[in-house]
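Examination of the molecular architecture
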Amino acid sequence: MAGTTNTFEMAQAQFDRVADMLQLDSEVREMLRWPLREFSFRIPVRMDNGTIRVFQGFRVQHNDARGPNKGGIRFHPAETIDTVRALATWMTWKCAVVDIPLGGGKGGVIIDPATLSIGEKERLVRKYVQIMFKNLGPRQDVPAPDVGTTPQMMGWMMDEYSKLAGQFTPGVITGKPVGNGGSLGRTEATGFGVIYTVREALKHLQLDPKTCTAAIQGFGNVAQYAAIGFIESLGGTVVCVSYWDRDDRASYTVTKNDGIDPHFLMSITDQYGSINKAKAQEAGYVIESGDAWITKDVDVLIPAALEGQINADSVQKISQKVKVIAEGANGPTTPDADKILTERGIFMIPDFLCNAGGVTVSYFEGVQNDMNFYWTKEEVIAREDEKMTSAFNAVLAMSLKEKVYMRDAAYMVAIARVVKAMELRGWI
Ligand code: GLU
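I will try to describe carefully the structure that is included in this document. (Residues numbered from 1 in each chain as written. Predicted model: local features only at pLDDT ≥ 70, side-chain atom pairs only at ≥ 80, totals over all residues. Heavy atoms only, no water.)

With respect to the pattern of salt bridges
Taken as a whole and assessed by the stated rule, the structure comprises 36 salt bridges. Of the charged contacts, one joins Glu-188 and Lys-377 as a salt bridge, the two residues approaching to 2.7 Å between their closest N and O atoms. With Glu-188 in helix α6 (residues 186-204) and Lys-377 in helix α13 (residues 377-402), this residue pair connects regions lying 189 residues apart in the sequence. A residue is classified by how much of its surface remains accessible, and Glu-188, at 13% relative accessible area, is buried. Via salt bridges that share partners, Glu-122, Arg-126, Asp-159, Glu-160 and Lys-163 belong to a single interconnected network. (Salt bridge = Lys/Arg side-chain N within 4 Å of Asp/Glu carboxyl O. Helix = DSSP H or I, 4+ residues; strand = E, 2+ residues; numbered from the N terminus. Buried < 20%, exposed > 50% of the residue type's maximum accessible area, 1.4 Å probe, protein only.)

So this is what it looks like as structure tokens:
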């Protein structure tokens, strides 16, 4: 459905396009176009002032043919059942493309977490687990952090699940704090994974990363470690990041043409991602409008915020210099914009490949929980790099062989694996 701004219709349109190319049977399509299970529920929480506030929660399990459902829980004021459906669907493709034995799921709560106290957040996430208890579990559905949720919240959720199960069950959730069943390297995993795929793309395009520049949208967990990786491991220059300013209720791009210092910017960013503008300006950064990032004359664009950011309008602002788009966010590009990017020949590293490093290390976290034996950070990072590099190269090989856009190639690889698992299990 070209022109749609509904995230789930976008995910379905991407799937339908490749389902046509693969000439998938209608039964198979029906199984994969929609989630297998959906939960929509009310979450009553006692607030600090003694009143009860009722939140809307969701958990969607898209497909578990390849293993337990896997995917984060997002706290966002604009969450809907359709955003969660789309994100759950993308998790199925994400786990399949990196070939980890997990399916796709996603959760959400309609809430701006910055409006809650620590105690309110704890009561909310514990209630979420109480309501979903029977349908979560290390062999059923394993949540993780996403936009608006944190390792601390995962720790509380693991504790609540363990209490209800009557036994310590760290494998029910990933992204837990280190020392509480969490894995070293999980915090950095998504952003670093983005950069492993960028490194491979630049290699393929025969570009020297040391001479390359990047513009990043966002300055949350993914954007921060993507910036660090692009600068410290590839030797490139990041000219800007962007963020949502809570006080001004507006987004800004924070620019330094000779290169931003992500560590400095992190030191002046609050827990909800707002950068201190005055301190940035004092240090020589220029504050520009929120969409300035997309107009930059850079080699690599990294949208690492929310869905739908590169659309029919904003795609027109992308500079002729841009050679690679690395989708750190889930669903940042609409099908309309995809069409234009393909025509322009920009090399696309699609979201569910580009940002799969997070769930890859989540999988390693579950493996370590099962073994009750923990790896060093170096071991985690080396294994993540290996997984991401081989996934990238499998998708690139498919794209070259079938002469298709990288997003379509990633779908081809992922869909084939999920269909195979459904066949082997006798579902279709
Ligand atoms: N929320 C992350 C994602 O979209 C990580 C999911 C996970 O670790 O399960 O990929």
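We are not done yet, so read on.
A few points about the site of the ligand
In the neighbourhood of the ligand, 14 residues make up the surrounding shell, with Lys-70, Lys-94, Lys-106, Asp-146 and Ser-362 lying closest. A distance of 3.0 Å separates a nitrogen atom of the ligand from a polar atom in the backbone of Pro-145. Between the ligand and Arg-186, the relevant distance is 3.0 Å, taken from an oxygen atom to a side-chain nitrogen or oxygen of the residue. Out of a free accessible area of 290 Å², the ligand has 95% covered by protein chains. Elements with a minimum of two residues in the shell around the ligand: α3 (81-97) and α12 (357-371). For the shell around the ligand, the leading source of residues is α12, giving three residues. For the shell around the ligand, a count of residues per class yields four nonpolar, five polar and five charged. (Near = heavy atom within 4 Å. Polar contact = N/O pair within 3.5 Å; in protein donor to acceptor, adjacent residues only side chain to side chain. Areas by Shrake-Rupley, 256 points an atom, 1.4 Å probe, with all protein chains shown as cover. Nonpolar A, V, L, I, M, F, W, Y, C, P; charged D, E, K, R; others polar.)

Some words on the sheet that holds strand β7 (residues 213-217)
Strand order in the open sheet made by the seven strands is β10-β9-β8-β7-β11-β12-β13, with mixed pairing throughout. Strands at the two margins of the open sheet, each flanked by one partner only, are β10 (286-289) and β13 (347-349). Across the sheet, the mean angle separating the axes of adjacent strands is 20 degrees when strand polarity is ignored. The pairing of strand β11 (residues 300-303) with strand β12 (residues 324-326) spans two bridges and is classified as parallel. Across the sheet, Leu-301 pairs through a bridge with Ile-325, a residue of β12. (Pairing = 2+ DSSP bridges. Axes fitted to C-alpha atoms, helices over the stretch in contact; angles between N-to-C directions.)

Remarks on α3
Look at α3: 24 Å from first C-alpha to last across 17 residues, which is about the 24 Å you get at 1.5 Å a residue. The buried fraction of α3 amounts to 16 of the 17 residues, a majority that puts the element mostly inside the structure. (Expected span 1.5 Å × (residues − 1).)

Describing the sheet that holds strand β1 (residues 37-46)
Strand order in the open sheet formed by four strands is β1-β2-β5-β4, with mixed pairing between adjacent strands. For this open sheet the edge positions go to β1 and β4 (73-76), each flanked by a neighbour on one side alone. Sheet twist, expressed as the mean angle between neighbouring strand axes with direction ignored, is 20 degrees. Note: β1 against strand β2 (residues 52-63), ten bridges, orientation antiparallel. Its bridge partner lying in β2, Phe-39 is registered against Arg-59.

Some details on the environment of Arg-37
Position of Arg-37 relative to the elements: it lies in strand β1. Taking the C-alpha atoms as reference, Arg-37 lies 9.9 Å from Arg-85; in sequence the two are 48 residues apart. When neighbours within four sequence positions are excluded, Arg-37 is seen to be in contact with Arg-59, Val-60, Gln-61, Asp-64 and Asn-69. One polar contact links Arg-37 to Gln-61, side chain to side chain, over a distance of 2.7 Å. Here the side chain of Arg-37 touches Asp-64 through a polar contact of 2.8 Å, side chain to side chain. (Contact = heavy atoms within 4.5 Å.)

A short note on helix α1 (residues 7-22)
With 16 residues, α1 extends 23 Å from end C-alpha to end C-alpha; this agrees with the ideal 22 Å at 1.5 Å per step. What α1 keeps buried is the set Thr-7, Phe-8, Met-10, Ala-11, Gln-12, Ala-13, Gln-14, Phe-15, Val-18 and Ala-19. Buried residues along α1 sit in contact with α2 (26-33), α3, α10 (335-344) and α14 (406-424).

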